[in-house]
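Structural description and commentary
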Amino acid sequence: MRQPQDIVLLLKAAGEITRLRLLALLVQGELSVKDFTEILGQSQPRISRHLKLLADAGLVTRHAEGAWAYYRLNRDRTSGALAGWLMDHLNTDAAELRRDIEKLSGLRAAQQERAAAYFATIAQSWDKLRSLHVADSALETAIVAAAGQGPVEMFLDLGTGTGRMLELLAGKYAQGIGLDSSREMLSVARAKLDAEGIERAQVRLCNITELGDYQGSADLVMLHQVLHYFDDPSTAIAHAASSLKPEGRMLVVDFAPHDLEFLRSEQAHRRLGLSDEQMTLWAGAAGLEIASCRRFPPSRDDGLTVCLWVLETRKSNITKGV
């Protein structure tokens, strides 16, 4: 139970139109201060002040990444219950809120276009760029082991890029499908798979947040160096989880938290690495849990640590038939 003064703080924090607009936008997923300033057309200091009040009251949570900070709705306990009640009763068709959500959609579309443009310029050298970040041999050995001993009927590689994971795990699956939103990447992947004679794999043009055709189809799902391109990785994980069979397994490979800002400005990264705490939260929201995590230090001083997370359906969900 909360003290009366705490409840007053919650109500005061939520009781202002700009802060209600911020909360309504956060229903759509994590957002940065910069995102809010572009959508609401207000100054950075003003937006930051409103977010601080919401965070102090416990209505939102803040996660710092280098010079940026991301905010999300707090779903826990009293604060989360109040935020949920407000969003359930807020008319998002009101003109001002509808415009905010439309601007958010446009903002995310522009961000995806910038990422796609980046992919188009580096598709041919993608594998070489990846090798600058981590020594692949130990990591790829671990990926093969994490895929499990038994045969995989369906392997879904989300954000397949040049198709390296389809190539690496070719001996594991009966059918492999690689999905990517970059035609240039898929051209490279098709050429590689053809050259290797891997006939059980195919690649398709698809946004990995639009997986309706693959609902509950995969024994194994891979997100390899994909999530740091998302403003809200929890969305990608949730969609990926929807494609898993009840006892399927998801492998996530990505960078540990770092402070290399140039990756955001020059290489379209939206997140500067992912922490275990974040992964636990995102996996839990998708009905998954972390079965294991391994870290792979860089092969050079200015490199990045890479993490391999194995996510599986929560045992309680399997028991209940969820």
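No experiment lies behind these values; they were computed from the predicted model shown.

**What about the pattern of salt bridges?**
Summed over all chains, the structure comprises 14 salt bridges. A salt bridge links D231 to R270; its shortest N-O distance comes to 2.8 Å. Note that D231 is positioned in the loop between β7 (218-224) and α11 (233-242) and R270 in the loop between α12 (262-267) and α13 (276-285), a separation of 39 residues in sequence. Accessibility expressed as a relative area gives 11% for R270, which makes it buried.

**A few points about the pairing of strand β5 (residues 173-180)**
β5 sits mainly inside the fold: 6 of its 8 residues count as buried. In this sheet, β5 lies alongside strand β4 (residues 152-158) in parallel orientation, the contact comprising 6 bridges. Each residue of the ladder has a partner; that of D157, found in β5, is G178. In this region the chain leaves β5, passes through helix α10 (residues 183-196) and returns to the parallel neighbour strand β6 (residues 201-205); the handedness of that crossover is right-handed.

**Things to note about the nonpolar core**
Formed by 31 residues in total, the largest nonpolar core has its most connected members in L158, L223 and M250. The set of elements that each furnish at least two residues to this core consists of β4, β5, β7, α11, β8 (244-255), α13 and β10 (306-313). Element by element, the count of residues in this core is highest for α11, at 4 residues. If we skip the residues at most four places from it in the chain, L158 touches L179, I208, L211, V221, M222, L223, H224, V226 and A240. Core analysis: the second largest hydrophobic core is formed by 30 residues, A24, L73, L86 and L97 among them.

**Details of helix α8 (residues 136-146)**
Among the residues making up α8, those that are buried are D136, L139, E140, A142, I143 and A146. Seen end-on, α8 carries its buried residues on one side only, within an arc spanning 160°. Looking at α8, the residues exposed on the side facing more than 90 degrees away from the buried face are S137, T141 and A145.

**Looking at α10**
Taking 1.5 Å per residue as the helical rise, α10 with its 14 residues ought to reach 20 Å, and the 20 Å between its terminal C-alpha atoms agrees with that figure. Looking one or two places after α10, you find G197, whose phi comes out positive at around 70°.

**Details of unusual backbone geometry**
Generally, phi is negative for residues other than glycine and the peptide bonds are trans, each holding for most cases. One non-glycine residue, Q225, lies in the positive phi region at around 50°. Mapped onto the fold, Q225 is located in the loop between β7 and α11. Overall, the relative accessible area of 7% leaves Q225 in the buried class.

**Remarks on the packing of aromatic side chains**
Following the criterion strictly, the structure yields 1 aromatic pair and no others. If you follow R200 out to its NZ or CZ, it ends over the ring of Y173, 5.9 Å from the centre. Sitting over the ring of Y70, R271 keeps its end group 4.0 Å from the ring centre.

**Here's the deal with the environment of D231**
Judged by its relative accessible area of 7%, D231 is buried. Each C-alpha atom, one on D231 and one on A189, is 25 Å from the other, the two residues being 42 residues apart in sequence. Not counting the four nearest positions on each side in its chain, D231 is found in contact with E30, D35, Y70, Q111, R270 and R271. At 2.8 Å, the side chain of D231 forms a polar contact with the side chain of R270.

**Considerations on the sheet that holds strand β9 (residues 288-296)**
Strand order in this open sheet of 7 strands is β6-β5-β4-β7-β8-β10-β9, and the pairing throughout is mixed. Only two strands of the sheet have a single partner each, and these edge strands are β6 and β9. On average, each strand axis in the sheet is tilted by 20° relative to the strand beside it, whichever way the strands run. Pairing between β7 and β8: 6 bridges, direction parallel. Bridge assignment links M222 to a residue of β8, and that residue is L251. Set on the sheet, α10 makes contact with β5 and β6; between it and β6 the angle comes to about 170°.

Scoring rules and cut-offs
Residues numbered from 1 in each chain as written. Predicted model: local features only at pLDDT ≥ 70, side-chain atom pairs only at ≥ 80, totals over all residues. Heavy atoms only, no water. Salt bridge = Lys/Arg side-chain N within 4 Å of Asp/Glu carboxyl O. Helix = DSSP H or I, 4+ residues; strand = E, 2+ residues; numbered from the N terminus. Buried < 20%, exposed > 50% of the residue type's maximum accessible area, 1.4 Å probe, protein only. Pairing = 2+ DSSP bridges. Right-handed = clockwise from strand over helix to strand, strands pointing away. Core = buried A, V, L, I, M, F, W, Y, C linked by side-chain atoms within 4.5 Å. Contact = heavy atoms within 4.5 Å. Arc of directions from axis to C-beta. Expected span 1.5 Å × (residues − 1). Phe/Tyr/Trp six-rings, centres within 6.5 Å; stacked < 30°, edge-to-face > 60°. Lys NZ or Arg CZ within 6 Å of the ring centre and 35° of its normal. Polar contact = N/O pair within 3.5 Å; in protein donor to acceptor, adjacent residues only side chain to side chain. Axes fitted to C-alpha atoms, helices over the stretch in contact; angles between N-to-C directions.

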